[in-house]
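Residues per chain are reported as follows:
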Amino acid sequence: MDFDLSVITDHARFLASGVGVTLALAALSGATSLVLGLVVALLRLYGPRGLRHVVVLYIDSMRAIPVLVVLVWTFFALPIVTGLTMPPFAAALIGLTIHLAAYAAEIIRAGIESVRPGQTRAAVALGMSPAQAVRRIVLPQAVVRTLPAFGSLLSITIKDTAIASVIAVPELMRQSETVAGQSFQPIEVYTFAMLVYFLMLFPVTRGVDRVYRRVAHLGRS
Amino acid sequence: MTLDWSVVWQHRDALLAGTATTVLLTFATMAIAVPCGIVVAVLRLYGPAPVRAAATAYVELFRNLPLILVVFWAFYVLPIWTGLSGLSPLATGLAALALNVTAYNAETFRAGINSIRRGQVEAAMALGMSRLQALRRVIVPQAVRRITPVLASTWVSLFKDTSLVSVIAVTELAYSAMQVRAQTFRVLEMLTAMAAIYWLLGYPQAKLVDWIQRRYAVTE
């Protein structure tokens, strides 16, 4: 099997633009799903009873439906419902956020529940309002404890952006498909893409582990 | 916007066949990935140094790659490596899924075995058990409790991830539904039906995972 790497160097700029879109989509959907996930988790734990059931239904539904299906539905079917067409990147951002926020919410909920109720009671006894207790006592500890889980969620986010290639977002996977199709050298192109994804993902998992070992003591109580 | 939901019922055979393939892929992949995962985990824990390094490299590589890329890669590389030009998309998709899930399972088994403290084996041997007896009667029963919940959630992820082999034209549920969509132009109806079928199958599985996790929760 001959390995001809000129196909990579010839399309270096094109593939690099894909890496840029992958990182941008991952960073944006990571941030939006974190915000939405926090809202969902707080609603699930402290929201009115009726709303809690809706939130649980949403979370469990996202655990049941493939992200490919969510993305395809958001891109092709949602515009029919709303009457607004969306560029692929926006559809991918919305689809990934809806999907990943459910996972973020579960991580945050587990983190909050891991802080013993005695701490909230102690905070209230010291004169804090319930909101203050959540903000100043519960959340800071929960944030540290959930760090490893968020590390793997970030890695899942980067991996899931590759699925956005199905709705033609010009990220690394899509760009690789294009180059592979034009050059008739799929093996070189896809093997190179594997290397690039690995180099993006491996430091994330390792880096989060390292940071967590430094700050783990802050979450103990 | 006029909707015509009868299109879903008209194409029930295609959807049903697709659903069957999705379920089959899930079972077949797990049937391969559990034994292979055990082998890789054991090699990684007890193998000679070069084997251990190779097993670790395999696990780390495939846990850090998007599955959709592995599917494409397998589609182009497997026929060349194996020399089988007539490899069906289904077999290729199964191989890609198995490569991916084996890596995850290997990590699950390794973590499960490692989570049993050393002192337990030493205590078992001090009581007169052989190493094998200690493994069988002390380590494995405890490791199973920790591994089962993780395997259960890997199962649900796998069930969802089978949708990714649609990109190499495996006629599972996602591919079948999108085919009908392309033929009939009933986009909203078919995509909603596809999501609904995944939901109907996946929702009970997600709930079952929760139940298993509650049941096997280890408190120390």
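As shown above, the structure is provided for reference.
Since the structure is predicted, the reported quantities are computational estimates derived from the model, not experimental observations. (Residues numbered from 1 in each chain as written. Chains lettered and ligands numbered in written order. Predicted model: local features only at pLDDT ≥ 70, side-chain atom pairs only at ≥ 80, totals over all residues. Heavy atoms only, no water.)

Caption draft 1: Representation of the overall build of chain B in the model. Looking only at helices and strands, chain B features 9 helices and 0 strands. Taken from the N to the C terminus, the helices and strands of chain B come in the order α-α-α-α-α-α-α-α-α. For chain B, with 220 residues in total, the buried portion stands at 45%. Expressed as a percentage of contacts within chain B between residues at least 6 apart in sequence, the contacts between residues at least 24 apart total 77%. If the 18 positive side-chain charges of chain B are averaged to one point and the 10 negative ones to another, these points end up 12 Å apart. (Helix = DSSP H or I, 4+ residues; strand = E, 2+ residues; numbered from the N terminus. Buried < 20%, exposed > 50% of the residue type's maximum accessible area, 1.4 Å probe, protein only. Contact = heavy atoms within 4.5 Å. Lys, Arg positive; Asp, Glu negative; His and termini not counted. Charge placed at Lys NZ, Arg CZ, Asp CG, Glu CD.)

Caption draft 2: Structural detail: the environment of Tyr198 of chain B. Structurally, Tyr198 of chain B is set in helix H9 (residues 187–215). Residues Tyr198 of chain B and Ser163 of chain B, 35 residues apart in the sequence, show an inter-C-alpha distance of 9.6 Å. Residues contacting Tyr198 of chain B, with those up to four places away along its chain left out, are Ala64, Pro66 and Val69 of chain A together with Thr22, Phe159, Ser163, Glu172, Leu173, Ala174 and Tyr203 of chain B. Looking at Tyr198 of chain B, its side chain comes within polar contact range of the main-chain nitrogen of Ala174 of chain B, at 3.4 Å. (Polar contact = N/O pair within 3.5 Å; in protein donor to acceptor, adjacent residues only side chain to side chain.)

Caption draft 3: Representation of the pattern of salt bridges in the model. Residues and elements named next belong to chain A. Within the structure shown, the criterion is met by 11 salt bridges over all chains. Measuring nitrogen to oxygen at the nearest pair gives 3.3 Å for the salt bridge that ties Glu113 to Arg109. Placement of both Glu113 and Arg109 in helix H5 (residues 88–114) is noted, with a separation of 4 residues, approximately one turn of the helix. With relative accessibility at 49%, the residue Glu113 sits in the partly exposed group. Exposure remark for Arg109: the relative accessible area of 18% places this residue in the buried category. When salt bridges with common partners are traced through the structure, they connect Arg44, Glu106, Arg109 and Glu113 into a single cluster. (Salt bridge = Lys/Arg side-chain N within 4 Å of Asp/Glu carboxyl O.)

Caption draft 4: Region of interest: the interface of chain B and chain A. Across the boundary between the two partners, chain B contributes 41 residues, which contact 39 residues of chain A. Taken as a group, Asn64, Leu69 and Lys160 of chain B account for 18% of the area that chain B buries against chain A, more than any other trio of residues on that side. In this assembly, chain B and chain A are joined by 3 salt bridges. In this structure, the salt-bridge partner of Arg63 of chain A is Asp210 of chain B, at a minimum N-O distance of 3.0 Å. (Buried area = accessible area lost by both parts, 1.4 Å probe.)

Caption draft 5: Quick peek at the environment of Ser152 of chain A. Here Ser152 of chain A lies in helix H8 (residues 147–161). Measuring from C-alpha to C-alpha, the distance between Ser152 of chain A and Ala77 of chain A comes to 30 Å, with 75 residues separating the pair along the chain.

Caption draft 6: Geometry of the nonpolar core. Counting 105 residues, the largest nonpolar core has Met173 and Tyr197 of chain A together with Met194 of chain B as the members making the most contacts within it. The contact partners of Met173 of chain A, leaving out residues within four places of it in the chain, are Ala162, Ser165, Tyr190 and Tyr197 of chain A together with Ile68, Leu69 and Phe72 of chain B. By size, the runner-up hydrophobic cluster in this structure holds 6 residues, among which are Val121, Ala124, Ala134 and Ile139 of chain B. (Core = buried A, V, L, I, M, F, W, Y, C linked by side-chain atoms within 4.5 Å.)

Caption draft 7: Structural detail: the packing of helix H4 (residues 67–82) of chain B against helix H5 (residues 89–114) of chain B. Residue and element names in this part refer to chain B. Viewed as axis vectors pointing N to C, H4 and H5 meet at an angle of 130 degrees, and their least axial separation amounts to 9 Å. The angle between the axes of H4 and H5 places the two elements in the oblique class. Judged by the sense of rotation from one axis to the other, the crossing of H4 with H5 is right-handed. Judged by residue contacts, Leu67, Val70, Val71, Ala74, Phe75 and Leu78 of H4 engage Thr92, Ala95, Ala96, Leu97 and Asn100 from H5. Considered class by class, the residues forming the contact of H4 with H5 number 9 nonpolar, 2 polar and no charged. (Axes fitted to C-alpha atoms, helices over the stretch in contact; angles between N-to-C directions. Parallel < 35°, antiparallel > 145°, perpendicular 65-115°, else oblique. Left-handed = near helix turned anticlockwise from the far one by under 90°. Nonpolar A, V, L, I, M, F, W, Y, C, P; charged D, E, K, R; others polar.)

Caption draft 8: Inspection of unusual backbone geometry at higher detail. Residue and element names in this part refer to chain B. At Ala169, a residue that is not glycine, the phi angle is positive and equals roughly 65 degrees. Relative to the helices and strands, Ala169 is located in the loop between helix H7 (131–161) and helix H8 (173–184). Its identity is not glycine, yet Phe185 carries a phi of approximately 65 degrees, on the positive side. Topologically, Phe185 is positioned in the loop between H8 and H9.

Caption draft 9: How the structure looks around the packing of aromatic side chains. Scanning the model with the defined rule gives 9 aromatic pairs over all chains in all. Aromatic side chains Phe198 of chain A and Phe202 of chain A sit 5.0 Å apart centroid to centroid with 15 degrees between the ring planes, which places their arrangement in the stacked category. Taken together, the residues Phe198 of chain A and Phe202 of chain A, both in helix H10 (residues 186–215) and 4 residues apart, mark about one turn of the helix. Using a relative accessible area of 18% as the deciding quantity, one classes Phe198 of chain A as buried. Ring plane angle 65 degrees and centroid distance 5.9 Å describe the contact between Phe159 of chain B and Tyr198 of chain B, whose orientation is recorded as edge-to-face. Of this pair, Phe159 of chain B sits in helix H7 while Tyr198 of chain B sits in helix H9; the two residues are 39 residues apart in sequence, bridging distant segments of the chain. The pair formed by Phe159 of chain B and Tyr198 of chain B is uniform in burial state, with each residue classed as buried. A network of ring pairs unites the aromatic residues Tyr190 of chain A together with Phe72, Phe75 and Tyr76 of chain B as a single cluster. (Phe/Tyr/Trp six-rings, centres within 6.5 Å; stacked < 30°, edge-to-face > 60°.)

This is a description of form; function is not addressed.
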